[in-house]
Amino acid sequence: MPMIQLTNIEKHFAGQTVVHPLSLTIGEGEFLTLLGPSGCGKTTILRMIAGFEQPTVGEIFLDGKDVTELPANKRDLNLVFQHYALFPHMTVEQNIQFGLKMKKIDAAEQKERIAEAIRLTQLTPLAKRYPHQLSGGQQQRVAIARAIANKPRVLLLDEPLGALDLQLRKNLQAELKQLQRSLGITFVYVTHDQEEAMMMSDRIVIMNNGKIEQIGTPKEIYNRPQTLFAATFIGENNVFHEAERMFAIRPEKLKAVRDREQKAKRKGIIQDIVYLGNVHKLMVHLNDEQTTVSICLDFTDEDEWQIGQHIGVDWLDADEVNIGL
Amino acid sequence: MKKTKWLISPVVLWLSLFLILPMAIVVVISFLGRDEFGNLVIQFSLDNYARFFDSLYLGIYWDTIALSVLTTLICVLISYPLAYYIANAGPTRQKIWLLFITVPFWINFLIRTYAWVLLLRSQGVVNSFLMDIGIIDEPLKMLYTKGAVLLGMVYTFIPYMVLPIYVSLEQMDRKLLEAASDLGASRWRAFWHITLPQTKSGMMTGSVLVFVSTAGMYVVTDILGGSKSTMLSNIIQTQFLGARDWPFGAALSVIFAITSLVLIYLFNMALRSRHERSKEGRA
């Protein structure tokens, strides 16, 4: 059952098209990620769903109701802002209470919901603090607690982990995913970090230049990219051009073979060897094409490879993924 | 340690020369006496302070506080919407509006105040106009009233209120309003719960500036208030220049300086939230 439906929406800013006509359906309880480089229109889509921007053309449906004209404060969803936008003059508790107060929820239930949001986000010892007394990760938790206390149908998250350091990010990614599962509400997540998208999402929408490049599960997107952009934006990929077509092959699907022994599809010279612990990679410059491909070798590979060595590069036909432009 | 001391010394020097020393002189003089010709007599006396408790001076003292508080309040009420409008206008319009706010400073203050005389007097512009269109038969008594003084004060000090409020509105993170709206607040409630508390510091700064300036202003009272409206600052001025009673003038100055400090302190305490105090405790 669709929770959010975008129908032929389009957004222009000062004569420029930032979101080209697109339609998108997001299911109930789904974790959907809008992924793309900065300026690809992903945040604009999120802001249109939240009600801070009006689509120039098209309609937005929330749980079957047309909310296109509805202002942000009347929509039954909440946004976690990129830089949290916590109210500096309110304590953690008061920040969380704000939405409940605005919705005139009775005092007893307010208390209950605040306690629950604080518990879910592990903020109990910090309830009486002010935002400026918290670390970035703690502020982030407050932003999430403030949103989920309202029990929204949908939670929108605009690069919520963007300002945090890597280790904290990894921890919070896992926590967020856990939270989404236990709450069972729809998450629409915006990020430019492909690893983050892969790790958390049920489905990923890859965007570029205001257009959708591909929609699919992380597995589909990784194994069957449909466009050049999708093929190269997610994970490492090798792109081959042949007369009338273009195809991509993941480094782990390529095989390095000794030049004279076997007949390989391509020939090249090893330019570099990179050890990454569990795998090592050969960077191979192909003789006929002016490109370098990377080949993943797993730990079972016993051959002694050397820089400057002439080798063959081979693969299975089935592992070729045709991509359009 | 030595370096920091050296760095701070110009400030200390400046403050000592231009703030602490003059204040100290005023305080010392307030305890001295004077002879019939107005010369200072070196002696210790509390007479100057005792004289203040005359009902005449006490009345003027309360009038001065009342007028300053009223001026401050009216300035806040007019300046807030104005500053809000300016802060929310487009960049070009903001510049034009801020220019309008500061233009009066380019014109001599006395001339601006006399302009009010021309407007308010019996044969003045306002009265002539009202009589011409037949709303009134005889001129309204506007000049030389307390109302005229209040008008002059508000007119003079409004920029002191508009600018700090404008700055605090400008500095506020607009995302907070989006967050409020996202959490279900209407525009009015977002203003009440977010914008207003976030701009308290601007109102506070403006209020202190306006209050202190009004309390110390005697020119407006002289020109627009005539002989009937007198403020403490007028008495102080008279004691120093007309009556040549420096010790009494100094005593009144000290009393009002202390009054201002106490009022500003109370005002700060009342407006300051727990949040700001927690911030200070940390710093």
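Residues numbered from 1 in each chain as written. Chains lettered and ligands numbered in written order. Predicted model: local features only at pLDDT ≥ 70, side-chain atom pairs only at ≥ 80, totals over all residues. Heavy atoms only, no water.

Asks: Any chance you could explain the overall build of chain A here in plain terms?
Replies: The helix and strand inventory of chain A stands at eight helices and 18 strands. Expressed as lengths along the three principal axes of its C-alpha atoms, the size of chain A is roughly 80 × 45 × 35 Å. Counting every position in chain A, which comprises 325 residues, the buried fraction comes to 52%. Considering only contacts within chain A whose residues lie at least 6 apart along the sequence, 64% involve residues at least 24 apart. Surface accessibility of chain A: about 15,300 Å² in total, with carbon and sulfur atoms responsible for 50%. (Helix = DSSP H or I, 4+ residues; strand = E, 2+ residues; numbered from the N terminus. Buried < 20%, exposed > 50% of the residue type's maximum accessible area, 1.4 Å probe, protein only. Contact = heavy atoms within 4.5 Å. Areas by Shrake-Rupley, 256 points an atom, 1.4 Å probe, with all protein chains shown as cover.)

Asks: Help me out: how do you make sense of helix H10 (residues 200-216) of chain B in this one?
Replies: The α-helix advances 3.6 residues per turn, and as a result positions three or four apart in sequence lie on the same side. All names here are of chain B. For H10, with 17 residues, the first-to-last C-alpha span of 24 Å sits near the 24 Å given by 1.5 Å per residue. Taken as a whole, H10 has its buried residues at Lys 200, Gly 202, Met 203, Met 204, Gly 206, Ser 207, Val 210, Phe 211, Thr 214 and Ala 215. Elements in contact with the buried residues of H10: helix H3 (55-87), helix H7 (146-171), helix H9 (187-198), helix H12 (232-242) and helix H13 (246-271). (Expected span 1.5 Å × (residues − 1).)

Asks: It is not clear to me how the confidence of the model for chain B should be interpreted in this structure. Could you clarify?
Replies: Predicted coordinates in regions of low pLDDT should not be interpreted in detail. Residue and element names in this part refer to chain B. Looking at chain B, the pLDDT average stands at 89 and 94% of residues meet or exceed 70. When pLDDT is averaged over each helix and strand of chain B, the minimum, 58, is found for helix H14 (residues 274-282) and the maximum, 97, for helix H8 (residues 175-182). Here the predicted complex carries an ipTM of 0.87, next to a pTM of 0.84. (pLDDT = per-residue confidence, 0-100.)

Asks: It is not clear to me how the sheet that holds strand E18 (residues 321-322) of chain A should be interpreted in this structure. Could you clarify?
Replies: Whether parallel or antiparallel, the strands of a sheet pair through hydrogen bonds between backbone atoms. Residue and element names in this part refer to chain A. Pairing within the open sheet is antiparallel, and its three strands lie in the order E11-E12-E18. In the strand order of this sheet, the two ends are held by strand E11 (238-242) and E18, each with one partner. The sheet contact formed by E11 and strand E12 (residues 245-249) spans five bridges and is antiparallel. Each bridged residue has a counterpart across the sheet, and for Val 239 the counterpart in E12 is Ala 248. (Pairing = 2+ DSSP bridges.)

Asks: When you look at the interface of chain A and chain B in this model, what are you seeing that I'm missing?
Replies: Many authors give the size of an interface as the accessible area that is lost as the parts come together. Listed per partner, the contact involves 26 residues of chain A and 21 residues of chain B. For the chain A and chain B pair, buried surface summed over both sides reaches about 2,300 Å², with 59% attributable to carbon and sulfur atoms. Between the two partners, chain A and chain B, sit nine residue pairs in polar contact (both at pLDDT 80 or more). At the level of elements, strand E6 (77-80) and helix H2 (92-102) of chain A are the ones that each hand at least two residues to the side of chain A that touches chain B. Among the elements that take part in the side of chain A that touches chain B, H2(A) stands out by supplying four residues, more than any other. Taken together, the residues that form the side of chain A that touches chain B break down as 13 nonpolar, eight polar and five charged. (Buried area = accessible area lost by both parts, 1.4 Å probe. Polar contact = N/O pair within 3.5 Å; in protein donor to acceptor, adjacent residues only side chain to side chain. Nonpolar A, V, L, I, M, F, W, Y, C, P; charged D, E, K, R; others polar.)

Asks: Which parts of the structure should I look at to understand the layout of surface pockets?
Replies: A water-sized probe, rolled over the atoms, reveals where empty space remains. Residues and elements named next belong to chain B. Put simply, the largest pocket is a space of about 410 Å³. Lining the largest pocket we find 17 residues, and of these Leu 177, Ser 181, Ser 186, Arg 187 and Ala 190 sit closest to its centre. Element by element, the count of residues in the lining of the largest pocket is highest for H9, at five residues. Residues of the lining of the largest pocket, tallied by class, amount to nine nonpolar, six polar and two charged. (1 Å grid on protein atoms, 1.4 Å probe; cavity = no way out; pocket = protein on both sides within 12 Å on 5 of 7 lines; lining within 4 Å. Points joined across faces, edges and corners; volume = space filled by probe spheres on them.)

Asks: Can you walk me through the packing of H2(A) against helix H3 (residues 107-120) of chain A in this structure?
Replies: Angle between the axes and distance between the axes are the two parameters that describe a pair of packed helices. Residues and elements named next belong to chain A. Across the interface, H2 lies against H3 with an axial gap of 10 Å and an inter-helix angle of 130 degrees. Taken as axis vectors, H2 and H3 run oblique relative to one another. Judged by the twist between their axes, the crossing of H2 over H3 is right-handed. Together, Glu 93, Ile 96, Gln 97, Leu 100 and Lys 101 of H2 and Gln 110, Arg 113, Ile 114, Ala 117 and Ile 118 of H3 make up the contact between the two elements. By residue class, the composition of the contact of H2 with H3 is five nonpolar, two polar and three charged. (Axes fitted to C-alpha atoms, helices over the stretch in contact; angles between N-to-C directions. Parallel < 35°, antiparallel > 145°, perpendicular 65-115°, else oblique. Left-handed = near helix turned anticlockwise from the far one by under 90°.)

Asks: Would you mind showing me how to read the side chain of Lys42(A) here?
Replies: Residue and element names in this part refer to chain A. Of note, Lys 42 is situated in helix H1 (residues 42-50). There is a polar contact of 3.3 Å between the side chain of Lys 42 and the backbone oxygen of Pro 37. When sequence neighbours within four positions are dropped, the list of residues in contact with Lys 42 reads Leu 34, Leu 35, Gly 36, Pro 37, Glu 159, Val 190, Thr 191, His 192 and Met 207.

Asks: In this structure, what is going on with the packing of H3(B) against H13(B)? I would like to understand it.
Replies: All names here are of chain B. For the pair H3 and H13, the least separation of the axes is 12 Å and the interaxial angle reads 40 degrees. One finds that H3 runs oblique with respect to H13. Helix-helix and strand crossings are classified by hand; for H3 and H13 the assignment is right-handed. Contacts from Tyr 57, Tyr 61, Thr 64 and Ile 65 of H3 reach H13 at Phe 248, Ile 255, Phe 256, Thr 259 and Leu 263. Taken together, the residues that form the contact of H3 with H13 break down as seven nonpolar, two polar and no charged.

Asks: Can you help me understand the environment of Val210(B) in this one?
Replies: All names here are of chain B. Within the secondary structure, Val 210 is located in helix H10. Under the relative-accessibility criterion, Val 210 is labelled buried at 0%. Taking the C-alpha atoms as reference points, Val 210 and Leu 73, 137 residues apart in sequence, are found 9.5 Å from one another. Beyond its immediate sequence surroundings of up to four residues, Val 210 is in contact with Thr 71, Thr 72, Cys 75, Phe 157, Tyr 160 and Met 161.

Asks: Is there a simple way to explain the packing of aromatic side chains in this structure?
Replies: Working definition: an aromatic ring pair is given by the centre-to-centre distance plus the angle between the planes. This structure, assessed with the given rule, holds 26 aromatic pairs over all chains. Note on Phe240(A) and Trp315(A): the rings are 4.8 Å apart at their centroids and 40 degrees apart in plane angle, and the pair reads as tilted. Highlighted residues: Phe240(A) in strand E11 and Trp315(A) in the loop between strand E17 (310-314) and E18, separated in sequence by 75 residues. Its relative accessible area of 5% is what places Trp315(A) among the buried residues. Here Phe52(B) and Tyr61(B) contribute two aromatic rings whose centre-to-centre distance is 5.2 Å and whose plane-to-plane angle is 85 degrees, an arrangement assigned as edge-to-face. The two residues Phe52(B) and Tyr61(B) agree in class, both being buried. Positioned above the aromatic ring of Tyr222(A), the side-chain terminus of Arg250(A) is 3.7 Å from the ring centre. Taking NZ or CZ as reference, Arg258(A) lies 5.2 Å from the ring centre of Trp305(A), over its face. (Phe/Tyr/Trp six-rings, centres within 6.5 Å; stacked < 30°, edge-to-face > 60°. Lys NZ or Arg CZ within 6 Å of the ring centre and 35° of its normal.)

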